[in-house]
Amino acid sequence: MVRVRFAPSPTGYLHIGGARTALFNWLFAREHNGKFILRIEDTDKERSTEESLNEILRSLRWLGLNWDEGPDIGGPYGPYFQSQRLDIYLKYIDKLLDENKAYKCFCTKEELEEERKKAESEKRAFKYSGKCKNLPEYEIKQKEQAKIPYTVRIKIDQEGETVIKDKIRGEVVFQNFVLDDFIIMRADKMPVYNFVVVIDDALMQITHVIRGEDHLSNTPKQIHIYKALGFNIPEFAHIPLILGPDKSKLSKRHGETSCGVYEKNGFLPEAFINYLALLGWSPDGEKTEMSVDEIIKEFSLEKVHKAGAIFDNQKLLWLNGVYIRKKNINELTELCIPYLKESGLITDDDIKNKYEYIKKVVALQQEKIKTLSEISHLSDYFFKDNITLTEDAKKILEKNKQDIKKVIETLKNIIIEVGVEKSKVEEKIRIDMEKAGIKPKVFMHVIRVILTGTTIGPGLFDIIETLGKDVCLKRIENTLANDF
RNA sequence: GUCCCCAUGGUCAAGCGGUUAAGACAUCGCCCUUUCAAGGCGGUAUCACGGGUUCGAUUCCCGUUGGGGACGCCA
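A few points on the structure. (Residues numbered from 1 in each chain as written. Chains lettered and ligands numbered in written order. Predicted model: local features only at pLDDT ≥ 70, side-chain atom pairs only at ≥ 80, totals over all residues. Heavy atoms only, no water.)

### Here we look at the protein's contact with RNA strand B
This is how it is decided: We call a residue near a molecule or strand whenever a single non-hydrogen atom of that residue lies within 4 Å of it. Contacts described as polar in this section are N or O atom pairs within 3.5 Å, which, within protein, must combine one atom able to donate a hydrogen with one able to accept it, while residues neighboring in sequence count only if both atoms come from side chains. By definition, any uninterrupted DSSP run of H or I lasting at least four residues is a helix, any uninterrupted run of E lasting at least two residues is a strand, and each is numbered from the N terminus. Polar here means any residue other than Ala, Val, Leu, Ile, Met, Phe, Trp, Tyr, Cys and Pro, which are nonpolar, and Asp, Glu, Lys and Arg, which are charged; Gly is therefore polar.
Residues in contact with RNA strand B amount to 65 residues; listed here are only the nearest, R186, G280, E367, K368 and G457. Take K249: an N or O atom from its side chain is 3.0 Å from a phosphate oxygen of RNA strand B. Elements represented by at least two residues in the surface near RNA strand B include exactly α4 (109-121), β6 (170-175), β11 (309-310), α11 (313-326) and α19 (440-452). It is α11 that provides the largest number of residues to the surface near RNA strand B, a total of four residues. Of the residues assigned to the surface near RNA strand B, the class counts are 23 nonpolar, 18 polar and 24 charged.

### Concerning helix α12 (residues 329-342)
The test is simple: To estimate the expected span of a helix, subtract one from its residue number and multiply by 1.5 Å. Exposure categories follow from relative accessible area, calculated using a 1.4 Å probe and restricted to protein chains: below 20% of the type maximum is buried, above 50% is exposed, and the middle band is partly exposed. The contact criterion used throughout is that any non-hydrogen atoms of two residues lie within 4.5 Å.
With 14 residues, α12 should cover 20 Å at 1.5 Å per step; its first-to-last C-alpha distance of 20 Å lies within 8% of that length. Turning to α12, its buried residues are L332, T333, C336, I337, Y339 and L340. Elements in contact with the buried residues of α12: α8 (259-264), α11, α13 (348-353), α14 (355-365) and α15 (374-383). The N-terminus of α12 is capped by N328, whose side-chain oxygen sits 3.0 Å from the backbone nitrogen of N330. Phi for G344, located one or two positions after α12, is positive at around 80°.

### Brief notes about the pairing of strand β5 (residues 161-166)
We count it as follows: If DSSP finds at least two bridges between two strands, the strands pair.
A one-sided burial pattern is seen for β5, the buried positions being T162, I164 and D166 and the unburied ones E161, V163 and K165. Of the strand pairs in this sheet, β5 and β6 are connected by six bridges, and their pairing is antiparallel. In the sheet register, T162 faces β6, and the bridge partner there is F174. Counting the residues that bridge the hairpin from β5 to β6 gives three residues.

### Focus on the packing of α12 against α15
We apply this condition: To get an axis, fit a line to the C-alpha atoms, keeping to the stretch in contact for a helix; angles then go from 0 to 180 degrees between the N-to-C directions. Angles below 35 degrees are treated as roughly parallel, those above 145 as roughly antiparallel, those between 65 and 115 as roughly perpendicular, and all remaining angles as oblique.
Where α12 contacts α15, the axes come no closer than 10 Å and their chain directions differ by 75°. Taken together, the axes of α12 and α15 are roughly perpendicular relative to one another. Between α12 and α15, the contacting residues are C336, Y339 and L340 on the first element and I375, S376 and F383 on the second.

What is shown is where atoms sit, not what they do.
As structure tokens, this is what we get:
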């Protein structure tokens, strides 16, 4: 049975890199009918918050990455908060101490800091001196009685090498002498990440550890702990990092990295998943639009790339547009309504009373919007009483100054006479404008501008029909009042 | 600095010893068109470098260079 896990620490929102790590784990679990486990790494009490936790869970749910065991739903290997597993960790610390595989270290932070500086000035890598490794028993007792704080270090045999079997990178070899007797428990009795992660993965029966490449160099440390404790070593898969445009690890300084913000900005989860899955992985390089089911079916760790991939907002935006265009209009309307409401274009009453109108507007904009949030600024003239002209719109009027009055009056008569039904009004406009000696390009542009205030938008006759007779006539009168 | 990982167009990427080196995004033309999109057609653009191995290297090996990551009593 495949068991994988995603283990975020609740010290902030779920960022893009985390989301993709979660996604790859989830895909692997679903593909193999395994379990996807969510574990919260909240041993850093200072920085962990409840809000962060909720935000992370929210984003995972938004993406549809459902977990089989986790903090909110429990499971047979709980608890799923590391902060609730302290006694377990301490038990294993004691075990290593008893078996003489670890020792207490009374060195202070200051002492270590000095050694570290010294190593740096001598241009060599810092390694713990091993000063406390062979303290005589009586000295340890003495120090303990004197309540001198201590950390616990694991003994690392300097001979030999540690081989990581990685499903993506093959065998990665580290010489053991690059490691020192590293700390596994802090002076405040809190075990460190590299220790607890091993205990949890072992006890939770994790079979495959799929995580970011930034953890690759932690892995030899963890393997030593697995071995010291006699645990089975899981398979590893270190996935390439997501990079910013400058090719360094994607982070805040590259711009927006929070999943939650992508949601707010009107990205669709299916588009986001599709894009993320194809970052660092591709089934054949051919497919770019894939449903979640297809991705699950095709996913394999062996086809994951080794090199990091730059996050390309532009391509994500394009893909989001593809998904928006594929949405059926009822669903899309529902998705757009919150954005229209938030920008003050519609009220709860409008949603009840003018639903069909809203839907028409959304349908007209469907092929233009790349994110849901774009619906608002593209559609304001459908909802506002008074429109304002953009700079480009003003230019159009300026350019066609001498014809404006004729165009508008002709239009007014047409609407009064035949109404606004698309087919009728189009035919009539074309005929009457020609009679009046006005070129299509001129009247089309002028009408668009006086009805919408902008030079861009859906088809003109769609606009007229959707706005309706009253609104069209009102905007015509307003323009005539301006006296050209 | 030490250790580790990586290297096909601007970006995502196919390729797994013999190819005119796919495809997508972006970009640039053209078409469609009342505008903006969408769509259609076409163009520009890639194997980091140097050695091997081989009849033949983008592909295998070794170096160089370049990029990245890790080196905490953070996770």
